[in-house]
Amino acid sequence: GDSVTQMEGPVTLSEEAFLTINCTYTATGYPSLFWYVQYPGEGLQLLLKATKADDKGSNKGFEATYRKETTSFHLEKGSVQVSDSAVYFCALSAGGGADGLTFGKGTHLIIQP
Amino acid sequence: ETGVTQTPRHLVMGMTNKKSLKCEQHLGHNAMYWYKQSAKKPLELMFVYNFKEQTENNSVPSRFSPECPNSSHLFLHLHTLQPEDSALYLCASSQGRGRGGQGEQFFGPGTRLTVL
């Protein structure tokens with residue numbers, strides 16, 4: 001079956017540091033890939049997405065590129081802020097609509113001032 | 001209201017109680033989902049409804065009973081739960097199958113359930 005693997009953390013960085021959260025996946029066909037973010041006490045918010053190979057999703061300074069050859073979708077940000085502290089989830093959708101998402105376990109990111 | 005709303009936000013119940021969780025989406029979507037989020041585990045898909053029809057039941061115990069009266073509302077009826085059912089229950093919605101959606105789902109804030 002489909003699966004998503006991501007580093008669990010916690011990942012602790014200083015403000016303005018460079019961020020990479022690794023995500024790799026296993027899926028049949030050509031899934032869509034997503035990063036979601038969850039702030040304390042809240043639900044998941046869609047951060048960015050990519051729907052085909054070599055697509056780059058970006059939002060709020062975060063980027064991720066759909067790499068089919070390495071089955072990866074790593075999340076990056078050039079300069080993190082304290083407000084980026086949250087849990088980040090990598091996910092895939094194999095069906096394209098009305099199918100459940102397959103999630104990784106989540107990476108807890110802590111940014112220190 | 002906009003987006004996906006869930007009520008209540010917090011719920012404490014005994015093992016013999018019966019309660020219901022409610023979800024409403026204001027996005028014009030046709031598919032709705034229930035997920036369970038427990039500590040140290042990936043989000044677990046519980047149920048999927050597409051155009052009010054249940055299309056997936058991910059081996060969920062019968063003490064959880066979903067109901068989808070229309071494309072905008074989704075309920076999760078709870079009865080005789082166990083302490084291990086304590087978790088954050090998340091509702092989500094998306095474009096329905098065949099409607100050109102790319103799979104992205106929009107989540108509500110969740111209901112934090114504690115079973116005593």
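In case you missed it, the structure is sitting above this.
Now for a look at the structure at hand.

About the criteria used
Counting from 1, residues in each chain are numbered in the order their sequence is written. Written order decides the labels, with chains lettered from A and ligands numbered from 1. Per-residue local features are limited, in this predicted model, to residues with pLDDT of at least 70; the limit for side-chain atom pairs, both in listing and counting, is 80 or more; totals at the level of whole chains, interfaces and linings are taken over all residues. For the side-chain quantities, the full set of heavy atoms in the structure was used; hydrogens and water were omitted. The secondary structure listing takes helices from DSSP runs of H or I that are at least 4 residues long and strands from runs of E that are at least 2 residues long, numbered from the N terminus. Between the two quantities, the radius of gyration covers C-alpha atoms and the globule rule is 2.2 Å times the number of residues to the power 0.38. For every residue, the accessible area obtained with a 1.4 Å probe (protein chains only) is divided by the maximum for its type, and the residue is called buried under 20%, exposed over 50%, and partly exposed between those limits. For this analysis, residues touch if any pair of their heavy atoms sits within 4.5 Å. For the area figures, the Shrake-Rupley method with a 1.4 Å probe applies, and any residue is considered shielded solely by the protein chains shown. Under the counting rule used here, the positive set is Lys and Arg, the negative set is Asp and Glu, and His together with the chain ends is not counted. By convention, charge coordinates are those of NZ in Lys, CZ in Arg, CG in Asp, or CD in Glu. Note on pairing: two strands pair once DSSP finds at least 2 bridges between them. Geometry is summarised by axes, namely lines fitted to C-alpha atoms with helices restricted to the contacting stretch, and by angles between N-to-C directions that run from 0 to 180 degrees. Between 30 and 60 degrees the pair is tilted, below 30 it is stacked and above 60 it is edge-to-face, where a pair is any two Phe, Tyr or Trp rings, Trp via its six-membered ring, whose centres lie within 6.5 Å. Buried area: the accessible surface (1.4 Å probe) lost by two parts on joining, summed over both. A pair is scored as a salt bridge if a Lys or Arg side-chain nitrogen falls within 4 Å of a carboxyl oxygen belonging to Asp or Glu. We call a pair of cysteine sulfur atoms a disulfide whenever their separation is within 2.5 Å. To qualify as a nonpolar core, a set must consist of buried Ala, Val, Leu, Ile, Met, Phe, Trp, Tyr and Cys residues joined through side-chain atoms within 4.5 Å.

## Description of the overall build of chain B
Broken down by element type, chain B carries zero helices and 11 strands. When the helices and strands of chain B are placed in sequence order, the string is β-β-β-β-β-β-β-β-β-β-β. Over its C-alpha trace chain B gives a radius of gyration of 14 Å, about what one expects of a compact globule, namely 13 Å for 116 residues. Seen through its C-alpha atoms, chain B measures out along the principal axes to roughly 45 × 30 × 30 Å. Counting all 116 residues of chain B, 48% fall into the buried class. Look at the contacts in chain B between residues 6 or more apart in sequence, and 55% of them connect residues 24 or more apart. A total of about 5,500 Å² of accessible surface is found on chain B, and carbon and sulfur atoms cover 47% of it. One way to put it: in chain B the 12 positive side-chain charges average out to a point 4 Å from where the 9 negative ones average out.

## Looking at the sheet that holds strand E7 (residues 64-70) of chain B
Sheet strands line up and pair through hydrogen bonds in the backbone, either parallel or antiparallel. Residue and element names in this part refer to chain B. The four strands are arranged E1-E3-E8-E7 in an open sheet whose pairing can be described as antiparallel. In this open sheet, the two strands that pair with only one neighbour each are strand E1 (4-7) and E7. Pairwise comparison of adjacent strand axes, ignoring direction, gives a mean angle of 20 degrees for this sheet.

## A closer look at the packing of aromatic side chains
In this description, a pair of aromatic rings is defined by centroid distance and the angle of the planes. Within this structure, the stated rule accounts for 11 aromatic pairs over all chains. An angle of 45 degrees between the planes, with centres 6.2 Å apart, marks the rings of Phe34(A) and Tyr36(A) as tilted. Here a set of aromatic residues connected by ring pairs shows up, and it is made of Phe34(A), Tyr36(A), Phe89(A), Phe103(A), Tyr33(B), Tyr35(B) and Phe107(B).

## Observations regarding the interface of chain A and chain B
Contact with chain A, which involves 22 residues of that partner, is made by 26 residues of chain B. Regarding the contact of chain A and chain B, the summed buried area is about 1,800 Å², with carbon and sulfur atoms giving 52% of it. By residue number, the principal contributor to the side of chain A that touches chain B is strand E5 (residues 32-38) of chain A, which donates four residues.

## Digging into the pattern of salt bridges
Residues and elements named next belong to chain A. Under the defined criterion, the tally for this structure stands at seven salt bridges over all chains. We note a salt bridge from Lys77 to Asp84, for which the minimum N-O separation is 2.8 Å. Accessibility expressed as a relative area gives 6% for Asp84, which makes it buried.

## Quick word on the state of the cysteines
Per the counting criterion, the structure on display carries two disulfides over all chains. Two residues, Cys23(A) and Cys90(A), share a disulfide whose sulfurs are 1.9 Å apart. In this structure, the disulfide formed by Cys23(A) and Cys90(A) twists by about -70 degrees around the S-S bond and is classed as left-handed. One end of the pair, Cys23(A), is in strand E4 (residues 23-26); the other, Cys90(A), is in strand E10 (residues 86-93), and 67 residues separate them in sequence. Here Cys23(A) and Cys90(A) have matching classes, each one buried. What pairs with Cys23(B) in a disulfide is Cys91(B), and their sulfur atoms sit 1.9 Å apart. Note on the Cys23(B) and Cys91(B) pair: the S-S dihedral is about -75 degrees, so by sign convention the disulfide is left-handed. One end of the pair, Cys23(B), is in strand E3 (residues 18-25); the other, Cys91(B), is in strand E9 (residues 87-94), with 68 residues separating them in the sequence. Of the two residues, Cys23(B) and Cys91(B), neither departs from the other in class, the shared state being buried.

## Quick word on the nonpolar core
Here is a general trend for soluble globular proteins: nonpolar side chains tend to be buried in one another's company. Judged by nonpolar contacts, the single largest core of 24 residues is most densely connected at Trp35(A), Leu47(A), Leu48(A), Phe62(A), Phe73(A), Leu75(A) and Tyr88(A). At the level of secondary structure, the elements contributing two or more residues to this core comprise strand E3 (19-21), E4, E5, strand E6 (44-50), strand E8 (62-65), E10 and strand E12 (107-112) of chain A. Of all the elements, E10(A) adds the most residues to this core, at four residues. Excluding anything up to four places from it in sequence, Leu75(A) contacts Leu19(A), Thr20(A), Ile21(A), Trp35(A), Leu47(A), Leu48(A), Phe62(A), Glu63(A), Ala64(A) and Tyr88(A). Ranked by size, the runner-up nonpolar core spans 22 residues in total, among them Val4(B), Trp34(B), Val60(B) and Val115(B).

## Structural notes on the sheet that holds E8(A)
Residues and elements named next belong to chain A. The antiparallel open sheet is built from four strands, whose spatial order is E3-E9-E8-E7. The sheet is open, and its two borders are formed by E3 and strand E7 (56-59), each paired with just one other strand. Neighbouring strand axes in the sheet, compared pairwise and without regard to direction, differ in orientation by 15 degrees on average. Direction of pairing for E8 relative to strand E9 (residues 75-77): antiparallel, over a ladder of three bridges. What sits directly across from Ala64, in E9, is Leu75.

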